Amino acid sequence: MTSQTLGNYAERAGKCEYLTLAFSPLSAPLRTRWRNNGLSADFLGDYVTTFLPTKGSVAAAESRQKEIRHAVTYIANELLENAMKYHERDVDIPIGIHLELTSDRITVSVSNGISLGQAQRYKTFVERLLEGDAGDLLLRQQEESARCNESATSCLGLLTVISDYDAQLGWRFDVHPAQSEVMTVTTSAVLPLKDAPGASA
Amino acid sequence: MRNINGETFEIRLEEDNSAVIFKGALRLNGMEDYAPILELLKETLIHPVASIVLDLRELDFLNSSGITMFSRFVIEARDRVGIDLQVLASETVPWHARSLKNLQRLMPALNIRLT
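Note that the coordinates shown come from a computational prediction; the quantities given were computed from them, not determined experimentally. (Residues numbered from 1 in each chain as written. Chains lettered and ligands numbered in written order. Predicted model: local features only at pLDDT ≥ 70, side-chain atom pairs only at ≥ 80, totals over all residues. Heavy atoms only, no water.)

A. Structural context of the overall build of chain B. What chain B contains, in helices and strands, is three helices and six strands. Shown N-terminal to C-terminal, the secondary structure of chain B runs as helices and strands in the order β-β-β-α-β-α-β-α-β. For 115 residues, the compact-globule estimate of 2.2 N^0.38 gives 13 Å, and chain B sits close to it at 13 Å. Within chain B, buried positions represent 56% of all 115 residues. Taking contacts inside chain B between residues at least 6 apart in sequence as the whole, the part at least 24 apart equals 66%. Side chains of chain B give 13 positive and 16 negative charges; the mean places of these two sets differ by 7 Å. (Helix = DSSP H or I, 4+ residues; strand = E, 2+ residues; numbered from the N terminus. Rg over C-alpha atoms; globule rule 2.2 N^0.38 Å. Buried < 20%, exposed > 50% of the residue type's maximum accessible area, 1.4 Å probe, protein only. Contact = heavy atoms within 4.5 Å. Lys, Arg positive; Asp, Glu negative; His and termini not counted. Charge placed at Lys NZ, Arg CZ, Asp CG, Glu CD.)

Structure, rendered in structure tokens:
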């Protein structure tokens, strides 16, 4: 098996507005490049507002744009931070972020390279996440993290993306075609546009 | 008064340790980078005043590691007797309505004032 998906993985929609950025992972240490996560996430959040319909009153449209811009920024920032943290060093796979906008949803997906061991740990976490309620899991992890420091904080951002932003997450694991000891993991987050034309209330 | 400032944020602890005021965007890398800010927050718990205030009204962005930092502080405040903790938040900052409710789940007595 060369590919596996978990959760509600969002395949690319095809003909729609999209934007893709790719980062070379080898050029600078994580600490140096950390601020670029925020810059990139802010850019994506701003970028998407160009394509949002402005209907209703000016105030309502502005408020909706602000909400969506923030949600895209937060989600892009969390996914990028995770990708940068967990990317397998010394593997020349770019870290990518892809934004798609259709009439009823926005999708942010981020990909990076990981070792087979890390892929297995990530899958175990995802399976646990899919079995339970993200809000409850978030609370449990926060209590645990307060008791035993760093260990319990990993992937807490994904739980906030689900519980606070109502995003649907999905994952795809692909074996690297040339390096069988490495996988590419892509995490997709779908943000439904609730008052889009044709969207259910 | 003590301050911690970064490229995108300013944090100030009031002279009497009664309030911590946050401004800007906090996106630090993990709990290690948030440790000095958590220590600053915990100073309010050493000789607590009647009501401790976290003023987040101008904190426009907080990443999940920052949420974890606040959750640790709130848990610590909850687990001490007689701490009255208030959070000042804003309706115009989107993350406040979305994420602060989680802090209240950790500490039901937490008083969130959304203005």
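B. Highlighting the side chain of A:H87. Residues and elements named next belong to chain A. Within the secondary structure layout, H87 lies in the loop between α2 (58-86) and β3 (95-101). According to the relative accessible area criterion, H87 is buried, its value standing at 4%. Side-chain polar atoms of H87 contact the backbone oxygen of I93, separated by 3.4 Å. Residue contacts for H87: discarding those within four places in its chain leaves P25, I93, I95, N112 and G113. (Polar contact = N/O pair within 3.5 Å; in protein donor to acceptor, adjacent residues only side chain to side chain.)

C. The nonpolar core, seen in detail. Counting residues in each nonpolar core, the largest one holds 89 residues, and the members touching the most others are A:I106, B:F22, B:L26, B:I37, B:F70 and B:L85. No other element matches the ten residues that α2(A) contributes to this core. What A:I106 contacts, discounting residues up to four positions off in sequence, is A:V48, A:L52, A:I68, A:V72, A:L99, A:E100, A:L101, A:A189, A:V190, A:L191 and A:L193. (Core = buried A, V, L, I, M, F, W, Y, C linked by side-chain atoms within 4.5 Å.)

D. Spotlight on the pattern of salt bridges. Enumeration according to the criterion identifies 16 salt bridges over all chains in this entry. Residues B:E14 and B:R12 are paired through a salt bridge, measuring 3.4 Å at the closest nitrogen-oxygen approach. A relative accessible area of 27% means that B:R12 is categorised as partly exposed. Across the salt bridge formed by B:R57 and B:D55, the nearest N and O atoms sit 2.8 Å from each other. Among the residues examined, B:R57 registers a relative accessible area of 38% and is labelled partly exposed. Judged by its relative accessible area of 11%, B:D55 is buried. One salt-bridge network, held together by shared partners, links A:E11, A:R172 and A:D174. (Salt bridge = Lys/Arg side-chain N within 4 Å of Asp/Glu carboxyl O.)

E. Summary view of the pairing of strand β6 (residues 182-192) of chain A. Residue and element names in this part refer to chain A. Judged by how many residues are buried, β6 sits mostly within the fold: ten of eleven residues are covered. When strand β4 (residues 105-115) meets β6, the two strands line up antiparallel, connected through eleven bridges. Within β6, the residue paired with S111 across the bridge is T186. Pairing geometry for strand β5 (residues 168-175) and β6, over eight bridges, is antiparallel. In the sheet register, G170 faces β6, and the bridge partner there is S188. With antiparallel pairing between neighbouring strands as the criterion, β5 and β6 make up a hairpin whose turn holds six residues. (Pairing = 2+ DSSP bridges.)

F. Focus on helix α4 (residues 134-148) of chain A. Its 15 residues give α4(A) an end-to-end C-alpha distance of 20 Å, which sits within 8% of 21 Å, the value for a rise of 1.5 Å per residue. Listed as buried for α4(A) are A:A134, A:G135, A:L137, A:L138, A:L139, A:Q141, A:Q142 and A:S145. Packed against the buried residues of α4(A) are α3 (116-131) and α5 (156-165) of chain A together with α2 (64-78) and α3 (94-106) of chain B. Capping the start of α4(A), A:D133 holds a side-chain oxygen 3.0 Å from the backbone nitrogen of A:G135, two or three residues further along. (Expected span 1.5 Å × (residues − 1).)

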